[in-house]
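Architecture and fold: a report
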Amino acid sequence: MQTLPSAAVALRGLAPDQRFGRVVAVRGALIEVEGLEGAAQIGSRVRVNATGGPVEAEVTGLDRSIAHCMPFSDPQGVTSAARADLLAGQSLLRPSSAWLGRMIDGLGRPVDGKGFLPPGAEPRLIKSSPPPAAARARVGEKVETGVRALDIFAPLCRGQRLGLFAGSGVGKSVLLSMLARWTECDVAVIGLIGERGREVQEFVEDDLGAAGLARSVVVVATSDEPALMRRQAAWTTLAVAEHFRDQGLNVLCLMDSVTRFAMAQREIGLASGEPPATKGYTPTVFAELPRLLERAGPGLPGQGSITGLFTVLVDGDDHNEPVADAVRGILDGHIVITRRIAERGRFPAVDVLKSVSRTLPRAHSDEENALRTEARRILSTYGDMEEMIRLGAYKDGSRPEVDEAIRLAPQIESLLKQGKGDQGSAVGSFEALASILAPSEAAEGEQ
């Protein structure tokens with residue numbers, strides 16, 4: 001007599017083979033589905049029938065019996081009462097070394113027209129947690145970037161995370177392409193999040209080149225794609241980088257840009273009913289930013305590392321706007337690219353006085369730190385007096401340190417100027433800087 005009740009309890013505990021609901025409303029980019037209560041979870045995938053073919057979506061919110069779903073593609077063709085099937089399993093990716101040289105979208109599908117993309121043997125979550133803080137290895141040795149302004153004033157170390165902060169049109173993407181080609185690494189994973197569609201091929205063919213692409217995986221989500229796909233592409237970029245890190249490789253992860261990831265998360269949050277907070281950004285934006293960026297960095301002992309370079313598009317050249325301020329507090333340094341320097345024709349337009357690498361001073365030798373500090377002092381002195389010098393209000397000989405800055409600052413600025421094909425070296429950069437500062441040091445010795 002106990003067999004039937006026990007069997008009934010066991011059957012009730014089993015998940016059905018297939019659970020589905022019905023679309024009850026479509027509000028902008030949000031699809032509301034009824035009938036998935038008790039089964040749908042945040043992050044679950046749903047396939048909605050539409051007249052133009054099925055539309056895949058993700059559950060981003062739950063409200064009593066209604067599941068709020070955001071589509072990965074245009075929801076056009078979705079009708080009221082359309083069937084919405086709940087898909088089993090979590091969002092998984094199967095990266096492999098065969099992905100090198102390929103371009104994929106946020107779901108890991110090829111978008112370069114080169115055919116089938118062989119999956120790897122080990123599945124991994126697209127959205128995963130970073131390694132435990134107490135168990136991670138430390139940041140490693142210095143890495144050459146080939147960009148003299150960075151190698152001298154804001155060095156990059158293996159496993160470090162740097163932000164490139166810039167307004168629009170001041171050379172941020174060009175600097176990123178230089179770093180993609182020249183920075184020392186085993187594998188590069190490049191996420192183009194919210195990029196202009198026409199710039200993707202230009203970046204891959206002209207900036208990255210055949211040699212750079214051969215060691216890279218490029219994840220693309222253009223600006224016209226739904227917010228969910230843009231957010232997903234950022235997560236996929238880190239998931240692919242984590243795959244190669246776990247193989248013991250040193251990975252360079254480039255993402256352009258974190259701001260567009262934040263904007264995508266804002267769209268998702270507002271559509272799901274979150275209240276807008278600072279400048280319209282929802283609370284989940286500031287919760288998701290550290291979860292994304294902390295995934296880069298050193299791995300566990302015995303693993304490789306993910307050296308992260310993340311661009312931040314500052315709104316209205318305001319470097320204290322909410323996203324820039326939040327990201328700056330998370331990363332291990334920030335490179336500030338200013339319009340003022342770009343307008344006078346010095347590229348990359350890195351403001352070395354406002355840029356910081358938190359691996360200093362240990363990243364440099366004592367001699368290199370002495371040269372760097374002296375160069376900063378000269379540039380700072382010149383910057384303080386620049387307006388007076390330009391207006392002719394400064395009289396030569398009034399202050400020896402200003403006379404020295406007037407003589408040497410233009411030479412330092414010339415050293416920092418680089419074109420897209422002008423690759424530098426850390427040793428050569430410091431040798432050139434030492435030769436510029438040598439007359440200054442000799443003059444101090446005579447005094």
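Located above this text is the structure these notes cover.
Here's what I pulled together on the structure shown here. Every value quoted in this text rests on a predicted model; they were computed, and no experiment measured them. (Residues numbered from 1 in each chain as written. Predicted model: local features only at pLDDT ≥ 70, side-chain atom pairs only at ≥ 80, totals over all residues. Heavy atoms only, no water.)

What about the packing of helix α10 (residues 366–391) against helix α11 (residues 400–416)?
Keep this limit in mind: Interaxial angles span 0 to 180 degrees and are taken between N-to-C directions of axes, which are lines fitted to C-alpha atoms, for helices over the stretch in contact. Starting at the N terminus, helices and strands are each numbered in turn, a helix being any DSSP run of H or I of at least four residues and a strand any DSSP run of E of at least two. When an angle is under 35 degrees it counts as roughly parallel; over 145 it counts as roughly antiparallel; between 65 and 115 it counts as roughly perpendicular; any other value is oblique. Note on contacts: a residue pair is in contact if any heavy atoms of the two residues lie within 4.5 Å. Amino acid classes used here: Ala, Val, Leu, Ile, Met, Phe, Trp, Tyr, Cys and Pro are nonpolar; Asp, Glu, Lys and Arg are charged; the rest, including Gly, are polar.
Running from N to C, α10 and α11 cross one another at 105°; their axes reach a closest spacing of 8 Å. Looking at the two axes, α10 sits roughly perpendicular to α11. Counted together, E374, A375, R377, I378, L379, T381, Y382, M385 and I389 of α10 and E401, V402, E404, A405, I406, L408, A409, I412 and E413 of α11 form the full contact between these two elements. A breakdown of the residues in the contact of α10 with α11 according to their chemical character gives twelve nonpolar, one polar and five charged.

What about empty space enclosed by the protein?
Put simply, the rule is: A 1.4 Å probe that fits but cannot get out identifies a cavity on a 1 Å grid over protein atoms alone, an open set with protein on both sides within 12 Å along at least five of seven lines counts as a pocket, and a residue lines either if it has an atom within 4 Å of a point. Grid points are joined across faces, edges and corners, and a volume is the space filled by probe spheres set on the points.
Enumeration according to the criterion identifies one cavity of 30 Å³ or more in this entry. In this structure, the largest cavity occupies an estimated 40 Å³ of space. Lining the largest cavity are V143, R158, T183, E184, C185, N250, V251, L252 and T307. The greatest single-element share of the lining of the largest cavity, amounting to three residues, is contributed by strand β15 (residues 250–256). Per-class residue counts for the lining of the largest cavity are four nonpolar, three polar and two charged.

Some points on the pairing of strand β6 (residues 83–86)
Within a regular strand, the side chains alternate between the two sheet faces. This is how it is decided: Strand pairing is assigned whenever DSSP identifies at least 2 bridges connecting the two strands.
Bridge analysis of strand β1 (residues 19–27) against β6 gives four bridges, and the strand direction is antiparallel. Bridged to R19 within β6 is L86. In the sheet, strand β3 (residues 45–48) pairs with β6 via three bridges, with the strands oriented antiparallel. Across the sheet, R47 pairs through a bridge with D85, a residue of β6.

Topic: the nonpolar core
Heads up, the condition is: Here, the term nonpolar core denotes a set of buried Ala, Val, Leu, Ile, Met, Phe, Trp, Tyr and Cys residues that are joined through side-chain atoms within 4.5 Å. We call a residue buried when its accessible area falls under 20% of the maximum for its residue type, exposed when it is over 50%, and partly exposed in between, using a 1.4 Å probe and counting protein chains only.
Counting residues in each nonpolar core, the largest one holds 53 residues, and the members touching the most others are I412 and L433. Excluding residues within four positions of it along the chain, L433 makes contact with I152, L371, R372, A375, I412 and L415. Ranked by size, the runner-up nonpolar core spans 41 residues in total, among them F165, A234, V251 and L331.

Structural notes on the state of the cysteines
The condition is simple: Note on disulfides: each one is a pair of cysteine sulfur atoms within 2.5 Å.
Per the stated rule, a full pass over the model turns up zero disulfides. Of the cysteine sulfurs around C185, a residue in no disulfide, the closest is that of C253, at 11 Å. By relative accessible area, which is 17% here, C185 ends up buried. Assessed through its relative accessible area of 0%, C253 is described here as buried.

Coordinates in, geometry out; function isn't part of it.
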